[in-house]
Amino acid sequence: MPKTLLIAACAAALAWSAPAAQAQAAYPDRPIKLLVGFPPGGSTDLAGRILANRLSQSMGQTVLVENKAGASGNIAAESVARAAPDGYTLLMAATSFAAAPAFFDKLNWDPVKDFSPVSLVATVPIMAVTTPSLGVKNLKDLVAHSKANPGKLNLASPGPTTLTRLSGEQFEQAAGLDWTTVHYKGGAPAMQDLLAGRAHVMFANISDVIAQVKAGKLDAVAVATPTRTAIAPEVPTIAESGYPGFSFSTWQAVVGPAGMPPEVVNKLNAEIRKAMALPEVKEQFLKLGTDAATGSPQELQSLLVDEVAKIRKVAKAVGATSN
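Residues numbered from 1 in each chain as written. Predicted model: local features only at pLDDT ≥ 70, side-chain atom pairs only at ≥ 80, totals over all residues. Heavy atoms only, no water.

Asker: Mind showing me how you'd approach the environment of A204 here?
Answerer: By secondary structure assignment, the location of A204 is in strand β7 (residues 201-205). Separated by 13 residues in sequence, A204 and M191 have C-alpha atoms that sit 9.5 Å apart. Not counting residues up to four positions away in its chain, the partners in contact with A204 are P125, I126, M127, T164 and V209. (Helix = DSSP H or I, 4+ residues; strand = E, 2+ residues; numbered from the N terminus. Contact = heavy atoms within 4.5 Å.)

Asker: It is not clear to me how the nonpolar core should be interpreted in this structure. Could you clarify?
Answerer: As a rule of thumb, nonpolar side chains are buried together in soluble globular proteins. Grouped together as the largest cluster of nonpolar side chains are 48 residues, with contacts concentrated most on L91, F97, L142, L166, F171, W179 and F203. No other element matches the six residues that helix α11 (residues 297-318) contributes to this core. Discounting residues that sit within four places of it in the chain, F203 has contacts with I126, M127, A128, L155, T164, S167, G168, F171, W179 and I238. If you look at the next biggest cluster of nonpolar residues, it comprises 29 residues, including I32, L34, L90 and L288. (Core = buried A, V, L, I, M, F, W, Y, C linked by side-chain atoms within 4.5 Å. Buried < 20%, exposed > 50% of the residue type's maximum accessible area, 1.4 Å probe, protein only.)

Asker: Mind showing me how you'd approach the packing of aromatic side chains here?
Answerer: Pairs of aromatic rings are described using the distance from one ring centre to the other and the angle between the two planes. If you walk through the whole model with that rule in mind, you get nine aromatic pairs. Pairing W109 with F115 gives two aromatic rings, centres 5.8 Å apart and planes at 90 degrees, and the pair type is edge-to-face. Each member of the pair, W109 as well as F115, is classed as buried. Each ring, one from F171 and one from F203, has its centre 6.0 Å from the other, and the planes form 35 degrees; the classification is tilted. You can see F171 sitting in helix α6 (residues 163-174) and its partner F203 sitting in strand β7, a full 32 residues away along the chain. Across the pair, F203 and F171 agree in class, each one buried. (Phe/Tyr/Trp six-rings, centres within 6.5 Å; stacked < 30°, edge-to-face > 60°.)

What follows is the structure, encoded as structure tokens:
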């Protein structure tokens, strides 16, 4: 190539790359949207709002929470998957994000391939609770009562595509029990029947049942986390109650569209880490019934890969479908 053409080509490349680099360095220079795939007031929505408020303060730009509810979070996920990968449209994902391939045959997005993982935000312990009318106070007694009354206990499910449903049915299978799963249209009606004694057992996000447990209206028999949770440290794990290796919890995380610049991903990750390390933020999350958490984008990527595979396997093993 002639020298003059080479110089011109280099100049053109520099002219193109400089603004791009400056744009990334200036990120964010306008408001950021954080989509939540569920209605306002739920734990994912509230966690997203706490995080958005902190990021707005630290990043100098407003982070707006936008609720785009429907189809178990799939509508919001698809919107983010199709958005420009510039860091201005993000998703506050819950575990249903990784569960979608196990329950929906026709998804227009893939939780691993179509997203840029940014950071884990929280883990949400699953707690096994029973109606007080059952008269059991621990997991050993629940198993004994269940085996003495095969087919007579109802397992309340907040919905067929929920992780809490899967965890309950996985434990039922692991313990060799015979429960009848009853699906409800959400956690509220499931809770009503549990409180009334029409349902007997429920595996639920601890954030949805901890108030009732503390009020003595439900009995907590175990948590499904690998270790005890700070939210209810007195409640033993399923693993330490005689079922080693049993572990099931839900989580919340921030992801963006695939192809986001590494510089933008890393900046967001650093800001989320700072926010989640604040004592007041940890306290706010504990009040929601969640444990604040963080991690690198690479760790979140590994979690997503593992969770998609695990949930597929458990759903197949217990015969769970979206019906």
